[in-house]
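# Remarks on the overall topology
Given next are the chains, with one letter for each unit.
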Amino acid sequence: MSLREELLQKLKYLRLGSLIANWDGYLELARNGNYSHTRLLEHIISEEYQIKKENACKMRMNKARIPEKLVVETFPFNRQPKLNKKNIVAMYDAFDYMTQCRNIIFIGPTGTGKTGLATAFLIHAIHQGYHGFFITFPDLVECLYQSVADHSDAKLIKKLLSYDCLLIDELGYVEVEPLQVGLFFTLMHKRHKHKTTLITSNLGFGQWSSFLKNNQLTAALIDRLTENSYVINMKNCVSLRSRLDEAPGT
C-alpha cells in the first residue's frame, strides 16, 4: 500500500522524512503481526527521534567549524607519560565542565596535543546536545578588530556568548590592541560562570601580559578564567610531531 499524496504532503510538512522512506517496511512489520499497534508506533517514533537527533548533532558539528574531528579515544596518551590520563578521562566522563560551566585551560609547548584534547572536549559537549564553536585566537582578535571598525562589536559579543562551549585555540600568538583587549575581557567576563570556555596556550599565565599589553586586565582575566576551572599543565610534555604517521596536535 503506497502513500496517498495527501498523507505524503502532510508527512513532508512535518519533516518526517524517515517515515516516508521506511513506509513500506513499517507496513510489512504490521502485516507480519510481530508488533502490536502500540509497539509499532513506539518503534516508528523511536527511529524518527534517533534520526532527528543524529541530524541535529551533525548540524551542530558543522556550525562549530572544527578543523579536525579529534576525539579522546584516539589521543596518544602512551606517548605522553607525563600527562595524567586517568585524571583527564575522569574529567571528560564526569562532564561537569559543561554541567557546572567550568573552563578548561591547556598550557604547554607547541605540538604536545593541546588542541587535540580541547577539541575532544568540545566534540563531547556537542554530542551531548550543547552548541559549540572553534576559533583560533588570531582569528578572534581579527574578528574583534573588524567589529570595532564596522560598529558590530555588540553583535559579535552576543554571538560568541550564545555558544555553550567556546574553544579559543592558540592564545598568545598575536599581540592585541587595547580596544581588542577590552572586548576580549568583556567576552570572558560575561561567559564567566554562565558558559564553558576551552583555551589552549603555549604561554604560561605569567607571560600573558606580553601580548595583552595590560597588566591590570591580564590579572583580572586570569582570575576570571581560572576561578573554579581546570588547568591542564602540559609544559613537560613532549612534541607529538616527531613522526608524521602519528596523530598530530598542537
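Residues numbered from 1 in each chain as written. Predicted model: local features only at pLDDT ≥ 70, side-chain atom pairs only at ≥ 80, totals over all residues. Heavy atoms only, no water.

Counting buried positions along strand E4 (residues 196-201) yields six of six residues, so the element is predominantly enclosed. What you see with E4 is no split at all: Thr196, Leu198 and Thr200 on one side and Thr197, Ile199 and Ser201 on the other are buried throughout. Here strand E1 (residues 104-107) pairs with E4 via four bridges, running parallel. Residue pairing for E4: Ile105 is matched across the bridge by Ile199. Where strand E3 (residues 165-171) lies against E4, five bridges are found, and the strand directions are parallel. Bridged to Ile168 within E4 is Ile199. Taken together, E3, helix H10 (residues 178-191) and E4 constitute a β-α-β crossover, and its handedness is right-handed. (Buried < 20%, exposed > 50% of the residue type's maximum accessible area, 1.4 Å probe, protein only. Helix = DSSP H or I, 4+ residues; strand = E, 2+ residues; numbered from the N terminus. Pairing = 2+ DSSP bridges. Right-handed = clockwise from strand over helix to strand, strands pointing away.)

A separate point is the packing of aromatic side chains. Applying the stated rule across the entire model yields eleven aromatic pairs. Ring centres 5.7 Å apart and planes at 75 degrees place the aromatic pair Phe137 and Phe211 in the edge-to-face group. Here Phe211 lies in helix H11 (residues 209-212) and Phe137 lies in helix H8 (residues 137-149), a separation of 74 residues in the sequence. Residues Trp208 and Phe211 carry aromatic rings whose centres are separated by 6.4 Å and whose planes lie at 55 degrees to one another, so their mutual orientation is tilted. (Phe/Tyr/Trp six-rings, centres within 6.5 Å; stacked < 30°, edge-to-face > 60°.)

Turning our eyes to something else, we now look at the packing of helix H3 (residues 23-32) against helix H4 (residues 37-64). The geometry of H3 relative to H4 is characterised by a closest axis approach of 11 Å and an angle of 155 degrees between their N-to-C directions. Between H3 and H4, the angle is such that the two are roughly antiparallel. In this structure, the crossing between H3 and H4 has a hand that is right-handed. Across the interface between the two elements, Tyr26, Leu29 and Ala30 of H3 pack against Leu40, His43, Ile44 and Glu47 of H4. Taken together, the residues of the contact of H3 with H4 break down into five nonpolar, one polar and one charged. (Axes fitted to C-alpha atoms, helices over the stretch in contact; angles between N-to-C directions. Parallel < 35°, antiparallel > 145°, perpendicular 65-115°, else oblique. Left-handed = near helix turned anticlockwise from the far one by under 90°. Contact = heavy atoms within 4.5 Å. Nonpolar A, V, L, I, M, F, W, Y, C, P; charged D, E, K, R; others polar.)

Approximately 180 Å³ is the volume found for the largest pocket. Grouping the amino acids of the lining of the largest pocket by side-chain chemistry returns seven nonpolar, no polar and no charged. (1 Å grid on protein atoms, 1.4 Å probe; cavity = no way out; pocket = protein on both sides within 12 Å on 5 of 7 lines; lining within 4 Å. Points joined across faces, edges and corners; volume = space filled by probe spheres on them.)

Averaged over all residues, the pLDDT of the protein equals 92, while 96% of them reach at least 70. Under a pLDDT of 50 for its full length, residues 243-248 has, in the predicted model, five contacts with residues more than four places off or in other chains. (pLDDT = per-residue confidence, 0-100.)

For the rest of this paragraph, the subject is helix H9 (residues 153-161). Residue pairs spaced three or four apart in an α-helix point in one direction, given the helix's 3.6 residues per turn. All of the buried residues along H9 are Leu156, Ile157, Leu160 and Leu161. Taken down its axis, H9 places every buried residue within 135 degrees of arc, on the same side. Set apart from the buried face of H9 by more than 90 degrees, the exposed residues are Ala154, Lys155 and Lys158. Contacts from the buried residues of H9 go to H8, E3 and H10. (Arc of directions from axis to C-beta.)

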